[in-house]
Amino acid sequence: MTSGTETKPDALMLYGAYGYTGRLVTERARTLGLQPIIAGRDAARVKALADEHALDWRAFPLDGAVDSELAGVAAVLNMAGPFSRTAAPMVAACLRTGTHYIDITGEIDIFTALHGHDAAARAAGVVLLPGAGFDVVPSDCIAAHVHRRLPGAQSLQIVIGGLNDLSRGTARTGLESIAAGTAVRRDGEIVRLPKAPRDAADFGDGLRPIVGVGWGDVATAHYSTGIPDIDVFFEASPALDRAASMPAPVRAFMGSRLGQWLGNRAIDRMPPGPNETARRKGRAILIAEAADAEGNSATARLETPEGYRLTAMTALDIARRVAAGEVAPGYHTPSTAFGPDYILGFPDVARRDL
């Protein structure tokens, strides 16, 4: 189903545009005077958002005839998570139709699956660039930066602070992976630790506890840098600390069908995501340290706007640039597409070498 108006051949489609992050991206697009196609599964919600912003729209599920819905579309920005359900069918359609694919996933399995389509994407002339939001643009760029300073690095640790409020979509993604253990990379391979590692980090005002998480950089930082050992930590908020402290039987239950149902019922009662004040005032801090076998290290700190605010900026910018043909076909991370300094082009971003 569409709005019926003629589509430009280089159009950008925003799929999942009526979700929390999708609305932020749509609003930013209209602020910049852009006219993307609004799309998603629910026709009523798609049409309402499109009418609000005077935009063309298309409504379609991803288990149907997706190819025809991509007619005239240069690039799709997929914001409909969990991406374990939406990425594969959309990517398959993009490869068949020659449409570039961008998303805002943080799911490690999606990064690895799309990396496996690199050769097919090159043959089809298609760009695959997952992780165009807070996960993983700033962390990928700072990882590439410290690797640039220490090209022989064998290990990488990324620490992220300031992520206090989650959207429902992000929470559902986390719920899906809760039983799998903490993903890290060792000797170039992704492995799962049964217990989340703990440490402490200085974000600028003294040491704070941190806890290991299976963030997307466990996959993408390896593709960007070749570093074989990678760990990602978050500042240990009370909620994250409780989740990381769950005994193995509880995590196993939460991974069951009943546990997932109960968890999603609880997520339904959450606010959609951080409010405007929180997005405006919030800040995130990322620290990356690369080390080589001789004991040399390179460390940097990156400060950015609040995560969802930054996502609206980076995801739209990446999608526009990919649609315009600025990126060579194939699989990319943000830094392989645009370089380690890409993140510095956004407002209120500062990086300092330590």
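Note: the structure precedes this text.
Rules behind the numbers
- Residues numbered from 1 in each chain as written.
- Predicted model: local features only at pLDDT ≥ 70, side-chain atom pairs only at ≥ 80, totals over all residues.
- Heavy atoms only, no water.
- Helix = DSSP H or I, 4+ residues; strand = E, 2+ residues; numbered from the N terminus.
- Buried < 20%, exposed > 50% of the residue type's maximum accessible area, 1.4 Å probe, protein only.
- Contact = heavy atoms within 4.5 Å.
- Areas by Shrake-Rupley, 256 points an atom, 1.4 Å probe, with all protein chains shown as cover.
- Pairing = 2+ DSSP bridges.
- Core = buried A, V, L, I, M, F, W, Y, C linked by side-chain atoms within 4.5 Å.
- Salt bridge = Lys/Arg side-chain N within 4 Å of Asp/Glu carboxyl O.
- Arc of directions from axis to C-beta.
- Axes fitted to C-alpha atoms, helices over the stretch in contact; angles between N-to-C directions.
- Parallel < 35°, antiparallel > 145°, perpendicular 65-115°, else oblique.
- Left-handed = near helix turned anticlockwise from the far one by under 90°.
- Nonpolar A, V, L, I, M, F, W, Y, C, P; charged D, E, K, R; others polar.
- Polar contact = N/O pair within 3.5 Å; in protein donor to acceptor, adjacent residues only side chain to side chain.

K.L.:
What is the right way to look at the overall build of the protein chain in this model?
P.N.:
Each helix and strand counted, the protein chain has 15 helices and 16 strands in total. The proportion of buried residues among the 354 residues of the protein chain is 51%. Within the protein chain, contacts between residues separated by at least 24 positions form 73% of all contacts whose residues are at least 6 apart in sequence. Accessible surface, the protein chain as shown: approximately 15,200 Å² in total, 52% of it carbon and sulfur.

K.L.:
Sorry, what's going on with the side chain of Thr299 here?
P.N.:
Residue placement: Thr299 occurs in strand β14 (residues 297–305). Not counting residues within four places of it along the chain, the set of residues in contact with Thr299 comprises Val146, Arg149, Ile287, Ala288, Glu289, Asp353 and Leu354.

K.L.:
Sorry if this is basic, but what is going on with the sheet that holds strand β2 (residues 37–40) here?
P.N.:
Backbone-to-backbone hydrogen bonds pair the strands of a sheet. The strands run either parallel or antiparallel. Taken in spatial order, the seven strands of this open sheet run β3-β2-β1-β4-β5-β6-β15, and their pairing is parallel. Of all strands in the sheet, those with a lone pairing partner are β3 (57–59) and β15 (330–331), marking the two edges. Across three bridges, β2 lies against β3 in parallel orientation. Considered in β3, the bridge of Gly40 is made with Ala59.

K.L.:
Just to check I follow, could you spell out the nonpolar core for this structure?
P.N.:
Here is a general trend for soluble globular proteins: nonpolar side chains tend to be buried in one another's company. Membership of the largest hydrophobic core comes to 96 residues, with the highest contact counts inside it found for Ile38, Leu77, Met90, Tyr101, Leu156 and Ile318. Broken down by element, this core gets its largest block of residues, nine residues, from helix α14 (residues 307–323). Those residues in contact with Met90 that lie beyond four places of it in its chain are Tyr15, Phe60, Leu62, Val66, Leu70, Val76 and Tyr101. Of all hydrophobic cores here, the second largest spans seven residues; its members include Val159, Phe203, Ile210 and Phe233.

K.L.:
Can you walk me through the pattern of salt bridges in this structure?
P.N.:
Oppositely charged side chains can form a pair if their charged atoms are brought close together. Taken as a whole and assessed by the stated rule, the structure comprises 15 salt bridges. Of the charged contacts, one joins Arg309 and Asp348 as a salt bridge, the two residues approaching to 3.2 Å between their closest N and O atoms. Of the two residues, Arg309 sits in helix α14 while Asp348 sits in the loop between α15 (334–338) and β16 (350–353), which places them 39 residues apart along the sequence. Residue Asp348 is classed as partly exposed on the basis of its relative accessible area of 44%. The partner of Glu326 in a salt bridge is Arg321, with the nearest N and O atoms 2.8 Å apart. Overall, Arg321 belongs to the partly exposed group, its relative accessible area being 26%. Sharing partners across several salt bridges, the network here consists of Arg148, Asp341 and Arg351.

K.L.:
Mind showing me how you'd approach helix α5 (residues 108–115) here?
P.N.:
Side chains three or four residues apart in an α-helix point the same way, a direct result of the helix having 3.6 residues per turn. Looking only at α5, the buried set comprises Ile108, Ile110, Phe111 and Leu114. Taken down its axis, α5 places every buried residue within 165° of arc, on the same side.

K.L.:
Explain the packing of helix α1 (residues 20–31) against helix α2 (residues 43–53) here, please?
P.N.:
Helix-helix packing is described using two parameters, namely the angle between the two axes and the distance between the axes. Here α1 crosses α2 at 25°, and the two axes come no closer than 11 Å. Relative to α2, α1 is oriented roughly parallel. Every pair of crossing elements has a handedness; the one defined by α1 and α2 is right-handed. Contact residues: Arg23, Thr26, Glu27 and Arg30 in α1; Leu49, Glu52 and His53 in α2. Class assignment of the residues belonging to the contact of α1 with α2 gives a composition of one nonpolar, two polar and four charged.

K.L.:
So what exactly am I meant to see when it comes to unusual backbone geometry here?
P.N.:
Trans peptide bonds make up the majority, and among non-glycine residues the majority have a negative phi. That bond from Gly81 to Pro82 is cis: its omega, -5°, falls within 30 degrees of zero. Its location among the elements puts Pro82 in the loop between β4 (73–78) and α4 (83–97). At Ala54, a position not held by glycine, the phi torsion is positive, near 55°. Mapped onto the elements of the fold, Ala54 is located in the loop between α2 and β3. We classify Ala54 as exposed; its relative accessible area is 60%. In this model, Asp187 sits at a positive phi of 55°, which is unusual for a non-glycine residue. Residue classification places Asp187 among the exposed residues on the basis of a relative accessible area of 68%.

K.L.:
Can you walk me through the side chain of Glu306 in this structure?
P.N.:
Structurally, Glu306 is set in the loop between β14 and α14. Take Glu306: its relative accessible area is 9%, and that puts it in the buried class. A distance of 3.0 Å separates a polar side-chain atom of Glu306 from the backbone nitrogen of Tyr308. Here Arg309 takes part through its backbone nitrogen, which lies 2.9 Å from a polar atom of the side chain of Glu306.

Interpretation note: all reported values are geometric properties and have no functional meaning in isolation.
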